[in-house]
Amino acid sequence: MQCQEAVFVHRGKRIAIAAIVYGALISALCIAAVAQSTRPEILRISPTSGPEGSRVEITGKNLLKASAVSLGSADCAFELVSPEELVALIPHRSVSSTITVVTPRGRASSPFAFVITNDPRVPDEVSYKAGYVNPVPAPRTFKSAMLWGIAIADTRASGYESAEVEIASTQLSCRVDGKDVILNDDSGNVRGGLYRRDPWFGTNQNDPMPVTHDTANHAVVLAVGQRSDRVWHFWSPSPRAALPPGNLEGCIVKASVKISPGALLQMGMDYWRTPTVAFGTGGNNHEAGASNWYFPSDQWQEASFTDIGGPQF
């Protein structure tokens, strides 16, 4: 009798242990199933190709707490629309790769790559091949702004040696408290320098930028074809302007230009700490963004850029 009781108790312990183990296993399987069901998943990206700066809609599951989006090794600015959708912007200097979304529950990659298809008219060494607005805003302590432009020769074009860019006028205005305030409004002149082209702005060292004048059109002429190995980087001839007090929504750059065959032009602007601080390593200026490239035409055209409204998610 005592032996039977001992066996019963022993068996009871084994049954209890088995139940505990079984319960733990079921619990682990349930946790794994829940984790698996809440892992992020990318079902579709649209479009599937485009230039740098493209807006890409990412549709999937469990995207609500996304903390990062990347194209290959390049981080993308993004905005969450819903647990099933977010929008990402393709960064510059990107290469074709899968898109990855990271959440606390794991990471998911697109089932196929996003293919970079930049405008073939833009040379490969150019940094920003398409227009963009910097997703990182300028620090609130920055109190100044200045427009700039970039002109280059396309050495692939026949007769590029005679390529020119004429600039009749430049204007910078900023929208403050809902009103556009003109900060710089110049005609017939620019300042600037000739910078290293390959690698793109590889050094801040530059040569003086030679200019001539077209008196008939009251324009300054940049003979970019004569120094096709350089970036002709120019900016407003008038002093850097202070931003008006108030709620700044962004700024607008405009330039009246004529671009001959074999030349290209891009416009942009920077925010600066103060109207007088020098360019330097201390982060004294903050790039607001740049326009799309403008191409040759036998007509005068307006080249413009604005960061009003921010990145277009």
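Going by the structure above, here's the rest.
Residues numbered from 1 in each chain as written. Predicted model: local features only at pLDDT ≥ 70, side-chain atom pairs only at ≥ 80, totals over all residues. Heavy atoms only, no water.

Undergrad: Hey, could you run me through the overall build of the protein in this one?
TA: Check the secondary structure of the protein and you find 1 helix and 24 strands. Counting the 313 residues in the protein, one finds 41% classified as buried. A separation of at least 24 residues holds for 71% of the contacts in the protein among residues at least 6 apart in sequence. Only carbon and sulfur atoms are counted for the fraction: they give 54% of the accessible area of the protein, which is about 16,500 Å². (Helix = DSSP H or I, 4+ residues; strand = E, 2+ residues; numbered from the N terminus. Buried < 20%, exposed > 50% of the residue type's maximum accessible area, 1.4 Å probe, protein only. Contact = heavy atoms within 4.5 Å. Areas by Shrake-Rupley, 256 points an atom, 1.4 Å probe, with all protein chains shown as cover.)

Undergrad: Would you mind going over unusual backbone geometry with me for this structure?
TA: The peptide bond linking Ser46 to Pro47 adopts the cis configuration, its omega dihedral lying at 0°. Across the junction of Asp198 and Pro199, the peptide omega takes the value 5°, indicating a cis bond. Looking at where Pro199 falls in the secondary structure, it is placed in the loop between strand 15 (191-196) and strand 16 (206-208). Of note, the phi angle at Asn62 is positive, near 55°, even though the residue is not glycine. As for its position among the elements, Asn62 is in the loop between strand 3 (55-61) and strand 4 (68-71). What makes Asn62 partly exposed here is its relative accessible area of 29%. Notably, His218 is not glycine yet its phi reads approximately 50°, a positive angle.

Undergrad: Can you walk me through the state of the cysteines in this structure?
TA: A full pass over the atoms with the stated rule returns 1 disulfide. The disulfide that involves Cys174 links it to Cys251, with 2.1 Å between the sulfurs. Disulfide Cys174-Cys251: the torsion about the S-S bond is 95°, which places it as right-handed. Residue Cys174 is found in strand 13 (residues 165-176), and its partner Cys251 is found in strand 21 (residues 248-259); the two are separated by 77 residues along the sequence. For the pair Cys174 and Cys251, a shared accessibility class is recorded, and that class is buried. (Disulfide = S-S within 2.5 Å.)

Undergrad: Help me understand the side chain of Ser70, please; the structure alone is not making it clear to me.
TA: Relative to the helices and strands, Ser70 is located in strand 4. Within polar-contact distance, the side chain of Ser70 engages the backbone oxygen of Gly72 at 3.5 Å. (Polar contact = N/O pair within 3.5 Å; in protein donor to acceptor, adjacent residues only side chain to side chain.)

Undergrad: Is there a simple way to explain the sheet that holds strand 6 (residues 77-82) in this structure?
TA: Paired through backbone hydrogen bonds, the strands of a sheet run either parallel or antiparallel to each other. Read from one edge to the other, the open sheet built from 4 strands follows the order 1-3-7-6, with strand pairing classed as antiparallel. Both outer strands of the open sheet, strand 1 (41-46) and strand 6, are each paired with one neighbouring strand and no more. Across this sheet, the average inter-strand angle for adjacent strands is 25°, counted without regard to direction. Here 5 bridges tie strand 1 to strand 3, and the two strands are oriented antiparallel to one another. Each bridged residue has a counterpart across the sheet, and for Glu41 the counterpart in strand 3 is Lys61. (Pairing = 2+ DSSP bridges. Axes fitted to C-alpha atoms, helices over the stretch in contact; angles between N-to-C directions.)

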